[in-house]
Structures are given as structure tokens and as C-alpha cells.
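Residues per chain are reported as follows:
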Amino acid sequence: MDFRAALLDQTREFGELIRSADPSTPVPTCPDWTLKQLFRHVGRGNRWAAQIIAERRMTPLDPREVRDGKPPEDPDAAIDWLNAGARAVISAVDRVGSERVWTFLGMRPAGWWIRRRLHEVTVHRADAALALGVDYDPPPELAADGISEWIELMTVNASQSSAPVDRGRSLHLHATDDGLGPAGEWTVVNAEDGVTWTHDHGKGDVALRGPVKDLLLAIVRRRSAGEGGLELFGDVKVWDAWLERTPF
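Residues numbered from 1 in each chain as written. Predicted model: local features only at pLDDT ≥ 70, side-chain atom pairs only at ≥ 80, totals over all residues. Heavy atoms only, no water.

Caption draft 1: Expanded view of the sheet that holds strand S4 (residues 185-191). Spatially, the five strands line up as an open sheet ordered S5-S4-S3-S6-S7, and their pairing is mixed. Each of the sheet's edge strands pairs with one partner strand only, and the pair in question is strand S5 (194-198) and strand S7 (231-234). The average angle at which neighbouring strand axes cross in this sheet is 10°, direction not considered. The sheet contact formed by strand S3 (residues 170-175) and S4 spans five bridges and is antiparallel. From the neighbouring strand, His-174 faces S4, where its bridge partner is Glu-185. Across the sheet, helix H6 (residues 212-219) touches S3, S4 and strand S6 (206-210), and the angle it forms with S3 is around 145°. (Pairing = 2+ DSSP bridges. Helix = DSSP H or I, 4+ residues; strand = E, 2+ residues; numbered from the N terminus. Axes fitted to C-alpha atoms, helices over the stretch in contact; angles between N-to-C directions. Contact = heavy atoms within 4.5 Å.)

What follows is the structure, given as C-alpha cells:
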């Protein structure tokens, strides 16, 4: 997948979805937020990441210190501001190259931020679509990579005391979309070597099966498995524990 092109595309689609909507519309999946706040969060988030990269930061950046972190009041200018922020992330990576910069998972190559910001806007586009009652239909390969990236975030530094899956237990997701192949399956296990995940096919103590976009919405807690029409097999307590232990 071309993460750079996808970041630009998803940012543009997010902006177009919100462009003509009432900015005071509540966003139920982001409690206490309106579309205006969601828009600002996404736009400022890209500029925040771009500044971290450009400054080769080794420590976090206070969001209040983001340059041009507030969108213009004019709707068209605000859309331009939004899209420019996504381009700024890519430009910053091009300048910095493979240098390692701060992330909330520790120091990572600067390019790590492109994929992270892509999936940030992908999920927030779902928030906007759900708030407006319109269809949300990301490309299957994008939704599948969103699940992979989310699982990576939730398991990379997991200790036994904070593990999203209890010791000796496992979680399996299976996308029913045609053409995804192994990229449409995920198995998370907590074994002797800690919490790990693969694209292997497996039964799991709990398994969820259905369209990949609905699996994505379920695993990031935007819509329940039942609301998404997903099939759920096995011990639902394992799934509930994953959701309870993976806030972000």
C-alpha cells in the first residue's frame, strides 16, 4: 500500500465529508466533541506530527505549541489548511529521511508517522460518517492495514500486567472480503514470550468474523460487534477484555 498517497486521499475525503456539514453536529463516537472539534483535532494532529519530524524531536511536543494549529474560519481556507497539514507530514519525512524521532512508542524512524497519521484520519473519517449518518466504505486493504496497525500499537509494549489478552488466551479476527488473503486474518496470543500477533489462521478463544470495515470499527470501539453484524464465536469475555484494555 502507498501510505503517502492514502494519507492524502483519506485526509481529502475526511475534509469533503465535513465541508458542508453543520460544524456543531455532535460526534457520538467521540463523546463531547462536535464536527468542528474533530476537524481541528485531525488537522492539528498532522501538523503536530510534521513538527515533531521536522524538528527531529526526541521528546513530545505540546499540542499548544503546534505552529498554525488552528484552522481558518473560512470553510474553503480550512479545507486547504487540513490538506496542507497532511502534505507537511510527508514533506517533513522527505527532509529527515530515516532518522529516528519521538513517538508515543519510543524513538522510531520518521516515516512511522505517515502510517500512523493515515490510520488516525481513517478512523476519524468513520467518526464523521457515523455522526452524519452516511455510509463509511474504506478500501478493504486500507481497513485491513488499519486493523494490523492498531493491533501493533496495542501489543508492541504490552506487559503481563497490562496485556490486552490474558496469559494463555487468544483472539482471532477473520475478514470475509474477497481478495485479502492472509492480510485479512489476525491472531493475537499471550504465551510464554508475551503478547504477539500474526496473520495466521487460527481458532482463538474468541473469534470475530465479518466484513473488514466492520472488524475495524469494532476493534477501535466505534461500533460494537453486534451493531456491525459480526459473527462472534467462543468466549466473549476475551473480546470484552481486549476492548476494556485498549483505550487510546
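Caption draft 2: View of unusual backbone geometry. Of note, Arg-56 is a non-glycine position whose phi angle comes to about 50°, a positive value. Relative to the assigned elements, Arg-56 resides in the loop between helix H2 (35-54) and helix H3 (75-96). Positive phi outside glycine occurs at Arg-221, with the angle close to 65°. Relative to the assigned elements, Arg-221 resides in the loop between H6 and S7. Among the residues examined, Arg-221 registers a relative accessible area of 33% and is labelled partly exposed. (Buried < 20%, exposed > 50% of the residue type's maximum accessible area, 1.4 Å probe, protein only.)

Caption draft 3: The UniProt feature "domain: MDMPI C-terminal" (unreviewed entry) in the chain, seen in detail. If you check UniProt for "domain: MDMPI C-terminal" (unreviewed entry), the listed places come out as residues 141-240 in our numbering. Along residues 141-240 the backbone is 28% helical and 27% strand, and the end-to-end C-alpha distance reaches 26 Å. (UniProt positions renumbered as here; feature names shortened; annotations may be inferred.)

Caption draft 4: The arrangement of the packing of helix H1 (residues 3-19) against helix H4 (residues 112-132) in detail. Close contact between H1 and H4 brings their axes to 9 Å; oriented N to C, the two are set at 25°. Regarding the angle of H1 to H4, the classification is roughly parallel. Note on packing geometry: the crossing formed by H1 with H4 is left-handed. Packed against H1, whose contacting residues are Phe-3, Arg-4, Ala-6, Leu-7, Gln-10, Thr-11, Glu-13, Phe-14, Leu-17 and Ile-18, the element H4 presents Ile-114, Arg-115, Arg-117, Leu-118, Val-121, Thr-122, His-124, Arg-125, Ala-128, Ala-129 and Leu-132 at the interface. A per-class count over the contact of H1 with H4 returns 12 nonpolar, four polar and five charged. (Parallel < 35°, antiparallel > 145°, perpendicular 65-115°, else oblique. Left-handed = near helix turned anticlockwise from the far one by under 90°. Nonpolar A, V, L, I, M, F, W, Y, C, P; charged D, E, K, R; others polar.)

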